Amino acid sequence: MWWDERVSARFRRNLQPTLTYWSVFFSFGLCIAFLGPTLLDLRCQTQSSLSQITWVFFSQQFCLLLGSCLGGVFKRTLAQSLLALFASSLAISLVFAIIPLCHNVVVLAVVMAVAGLAMGCIDTISNMQLVKIYQKDSAIFLQALHFFVGFGALLSPLIADPFLSDTNCILANGTANASSNLPHIRKSLLPHHPGNLSRYDLPMKGMVVTRVSYAFWIMALINLPVPIAVFFLLYKERMVPCFNGSSHPLLSADELALETRPGDKDELSTAAQRPHTAAAHEDLFSCCQSKNFRGASYTYFAVHITGALVLFMTDGIVGEYSGFVYSYAVEEPLSVVHKVAGYLPSLFWGFITLGRLISIPVSYRMKPATMVFINVVGVLITFLLLLIFSSSVVFLFVGTASLGLFLSSTFPSMLAYTEDILQYKGCATTVLVTGAGVGEMVLQLLVGSIIHDRGSYSFLVCGMIFGCLAFTFYALLVFFHRMYPKPS
């Protein structure tokens, strides 16, 4: 194996929980990417307007953010974390199965809100548990974790595509013009952003002809092994409620000491003797309690804030670029045909997934701080070249692929780097996950309004500004890292 024996031994010892957390993140990816391409068919199913159905986006994204904030609540014991993951992954399968039965847009929005809460819990808990298990070796396993969310996000649109309507799925008089616009409208919904749809008028009444239900039932079956895997992990750890076994950590302090470097043994044994003396991986609300601030230096807060701001910008770039690159390409001066421009979001997400796969071995040889530096500098250079060659369709495709590669490993690398600075104490995982979620929501709305007022060219200008801010916040994080007190 291409890593050393110590990491390999730790991975073998934690094989089942690690694979379980990876599979749960596959559920997250499967659920996050299906809504864009299927939204028009769901509009037909609920017989709602485009403006009404786009509220489903908001309900999912808002509750995903809320679930990310609440996910840390379940970290207090391993049993709570695994039960929350079991409930969340099972809820996603149930959501897939129930969506075809939702014939009212309000009911659909409520169901998607439940899915968003489950996704948010999965996001926080899976990252948190992997960091707890592997600590200083967590970077490589976090990269693999985020590869699985990309893999799921690529798979769900492919499953849905054969069942999407080629023409308007509500048959009514005078729908010819609306039907000719359908491919263009569908592309503007990829991957999970509603775009500006107010100018389109599609029929709301008539005979509904859609086969999208089959896609959701297939995804429900594909996702079903995930909660089963979590249940088996609960059973193995004797945490199923019908058994009386006491909960215990996946890896004891003695086992950790055997697998760590000699210099780490004293630190781990000391931590085992005083497990409750410092708050570690609190939920967002517990983080805000004054008792956690006593004796903390200003750099403690600065590391949390600057780390979250870096991900606020980089995840915001992922959201705004994937949401608006199609709209940018089809408008002047590029005027790319709709069918060709539709490949851009898929190219972007494809290279994000490829980059996460490449980052798995790279993260073992390279420090997380170095990877984040390469990521933010690469994003800056790519946006600069996109601005310089803004009239080139070819470079738009090249730049989209490059941007996907550089953004792919930013989140897991930043999480590993920040947790390492804080010696795996504090609230880094919860704060960073929340910051990333807020950035993805806020920057999409901000860029959408700017494009509406200033034109399509501002899309790249906004990306360049966000890239500069991400680099600035990263430089501040490095500065505060140097100021942060070293462990005694």
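The rules behind each value
- Residues numbered from 1 in each chain as written.
- Predicted model: local features only at pLDDT ≥ 70, side-chain atom pairs only at ≥ 80, totals over all residues.
- Heavy atoms only, no water.
- Helix = DSSP H or I, 4+ residues; strand = E, 2+ residues; numbered from the N terminus.
- Buried < 20%, exposed > 50% of the residue type's maximum accessible area, 1.4 Å probe, protein only.
- Areas by Shrake-Rupley, 256 points an atom, 1.4 Å probe, with all protein chains shown as cover.
- Axes fitted to C-alpha atoms, helices over the stretch in contact; angles between N-to-C directions.
- Parallel < 35°, antiparallel > 145°, perpendicular 65-115°, else oblique.
- Left-handed = near helix turned anticlockwise from the far one by under 90°.
- Nonpolar A, V, L, I, M, F, W, Y, C, P; charged D, E, K, R; others polar.
- Patch = residues over 30% accessible without salt bridge, like charges linked within 9 Å, V, L, I, M, F, W, Y side chains within 5 Å.
- Salt bridge = Lys/Arg side-chain N within 4 Å of Asp/Glu carboxyl O.
- Expected span 1.5 Å × (residues − 1).
- Polar contact = N/O pair within 3.5 Å; in protein donor to acceptor, adjacent residues only side chain to side chain.
- Phe/Tyr/Trp six-rings, centres within 6.5 Å; stacked < 30°, edge-to-face > 60°.

## Re the overall build of the chain
A count of helices and strands for the chain gives 23 helices and two strands. Here the chain holds 488 residues, and the buried ones make up 57% of them. Total accessible area on the chain stands at roughly 20,600 Å², and carbon and sulfur atoms take up 66% of it.

## Brief notes about the packing of helix 5 (residues 55-71) against helix 7 (residues 105-134)
In the contact formed by helix 5 and helix 7, the axes pass within 6 Å of each other and the chain directions differ by 30 degrees. Here helix 5 is positioned roughly parallel relative to helix 7, judged by the angle of their axes. Regarding helix 5 and helix 7, the two cross each other, and that crossing is right-handed. Within the contact of helix 5 with helix 7, the residues separate by chemical class into 13 nonpolar, eight polar and one charged.

## Some thoughts on a nonpolar patch on the surface
Together, L94, I98, L101, Y214, W217, I218 and I222 make up an exposed nonpolar region whose accessible area comes to about 640 Å². Going through the elements one at a time, helix 6 (78-98) and helix 11 (212-223) are the ones with two or more residues in the nonpolar patch. When you line up the elements, I98 lands in helix 6. In this structure I98 comes out as partly exposed when scored by relative accessible area, which is 38%.

## Side note on helix 7
Taking 1.5 Å of rise per residue, the 30 residues of helix 7 would be expected to cover 44 Å, and the 43 Å separating its terminal C-alpha atoms lies within 8% of that figure. Of all the 30 residues making up helix 7, 24 are buried; the element is thus mostly covered by neighbouring parts of the structure. Of the residues that open helix 7, the one with a side-chain oxygen 2.8 Å from the backbone nitrogen of V106 is N104. Directly beyond the C-terminal end of helix 7, a positive phi value near 45 degrees is found at Q135.

## Observations regarding the packing of aromatic side chains
Summed over all chains, the structure comprises 27 aromatic pairs. Ring centres 5.3 Å apart and planes at 85 degrees place the aromatic pair Y300 and F301 in the edge-to-face group. Judged by relative accessible area, F301 falls into the partly exposed class, the value being 30%. Measuring from centroid to centroid gives 5.2 Å for F389 and F395, while their planes differ by 45 degrees, and the two rings are tilted. Residue classification places F389 among the partly exposed residues on the basis of a relative accessible area of 41%. Of the aromatic side chains, those joined through ring pairs into one cluster are F11, W22, F26, Y134, F141, F147, F148 and F151.

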